[in-house]
Amino acid sequence: MKEIQQILRHYDDKRSSGISMALATVVNIHGSSYRRPGARMLIFENGNWTGGISGGCLEGDILKHALKAIYEGKPSIRRYDTTQTDNYEVGVGLGCQGIIDILIAPLKASEAETHFEYLRQVIKKRSPCTLVQVCLNNSKIPLNEGLIVGEERVGEDILKFLGKSEGALFEKFMRAAEMESRSIYFNFYASHGKDLHIFIEKFKPVVHLYVFGDNYDVHPIVDICSTLGWKTSLIGNRYKIFKRVLSTADNIVHSKDPYPDLEIDAYSAVILMAHDYKTDLRNLRLMSGTDTFYIGLLGPRDRGERLMSDLKKSMGTLDDALLQKVYMPTGLDIGANTPEEIAISVVAEVNTVLRKRNGSFLRERSTPIHPRT
């Protein structure tokens, strides 16, 4: 999600200049690849670019083809086959053991705002959504009727351009993307013509981390979240929080004031680190009734158990749903000592819970890191 935020910022900086551009998107992968489907790279006609579609191996070649696409005004799909260890693709030994398809879609300055509007919607939404790109259109549907290669649309918009059987197949893949929570690339022969390739991309809201605390150890957590592109809200005494963090966090809530509605949803995580028992207990009680997927209690296990015991006394009972999302002590076991190391441990655990993983060593994993297509 941060990559999309970065691309939109660079586009906004250039939008008044009338400059043309191209958007390169990883749309399909067979085997292994450093980046996953949906990785993006925005290239301007002056050669400047932002984002990325690999670990630095393919960007140079994509830049060359993107400038050609801008000049010719024609989209294309570039395929990179890195399955052969002795095959030096584009002059670099990639060794990723995968096949990578990248859609390069030129955008005139007059077209770009409509294109990026869907990405702006993705950034704002607090519920999962789906975007669709047409990657290849050899059908008889005129491109100026809506199925423009490279243009991003919400899924429902595509249905009106498909026949009954194609629409049913498209909806099947839409449901699969929803149920499996992943992006899907597929193609079919349309009844009205030839080939139609479509990339269905599944988006989840950006994580919003609520940190209840105002001591110096909250600052590394906010810094890491900013690097990840997560939203952060600090709830504490604003006069104790370093001024540097005031410009990094998305929101500061002064704890002396009555707490406003914090809008904590299923994509929000909570860290309680006030270093004051009564404050943490009060905040734990407040957070226990929210939709957050994670509540982390900083401190030793016996302190956390005491907090949970006192919470049960005040509430009468604690349901399993709450117990499942409380982590005490918060963080992964990485031997963290300093505030910075603790911040890495805590944020890593939040991400682990979000992705439904167990935080173990990758070398002990017997299956691929990501599902193979």
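Here the residue numbers are simple positions, counted from 1 along each chain's written sequence. Where local features are concerned, this predicted model is filtered to residues with pLDDT of at least 70; where side-chain atom pairs are given and counted, the filter is 80 or more; whole-chain, interface and lining totals use all residues. Note that the side-chain values use all heavy atoms of the structure and ignore hydrogens as well as water.

1. Topic: the sheet that holds strand β14 (residues 294–297)
Pairing within the open sheet is parallel, and its six strands lie in the order β12-β11-β10-β13-β14-β15. Looking at strand neighbours, the two that pair on one side only are β12 (251–254) and β15 (326–327), the edges of this open sheet. Two elements, β14 and β15, share two bridges in a ladder whose sense is parallel. The residue bridging Ile295 from the neighbouring strand is Val326, located in β15. Whether two strands pair depends on DSSP finding at least two bridges between them. Strands here are runs of E lasting at least two residues and helices are runs of H or I lasting at least four, both read from the DSSP assignment and numbered beginning at the N terminus.

2. Things to note about the side chain of Thr25
When you line up the elements, Thr25 lands in strand β1 (residues 21–31). Burial status follows relative accessibility: with a 1.4 Å probe on protein chains alone, a residue under 20% of its type maximum counts as buried, one over 50% as exposed, and anything between as partly exposed. Taking the relative accessible area as the measure of exposure, Thr25 reaches 0% and is therefore buried. Any two residues whose heavy atoms approach within 4.5 Å at even a single point are treated as in contact. Apart from the residues within four sequence positions on either side, Thr25 is in contact with Gly38, Ala39, Arg40, Asp101, Ile102, Leu103, Gln133 and Phe199.

3. Thoughts on helix α11 (residues 339–354)
A helix is expected to span 1.5 Å multiplied by its residue count minus one. Over its 16 residues, α11 extends 22 Å from the first C-alpha to the last, a length consistent with the 22 Å expected when each residue adds 1.5 Å. Ala343, Ser345, Val346, Val347, Glu349, Val350, Thr352, Val353 and Leu354 are the residues of α11 that are buried. Positive backbone phi, at 60°, marks Lys356, one or two positions downstream of α11.

4. Topic: the nonpolar core
Among buried residues, the Ala, Val, Leu, Ile, Met, Phe, Trp, Tyr and Cys ones that are joined through side-chain atoms within 4.5 Å form a nonpolar core. Of all hydrophobic cores here, the largest spans 26 residues; its most connected members are Ile221 and Leu234. Looking at this core, the elements with two or more residues in it are β10 (208–212), α6 (218–228), β13 (268–272) and α11. Looking at this core, the element that brings in the most residues is α11, giving six residues. In this structure, Ile235, Ile264, Leu307 and Leu322 belong to the second largest nonpolar core, which totals 20 residues.

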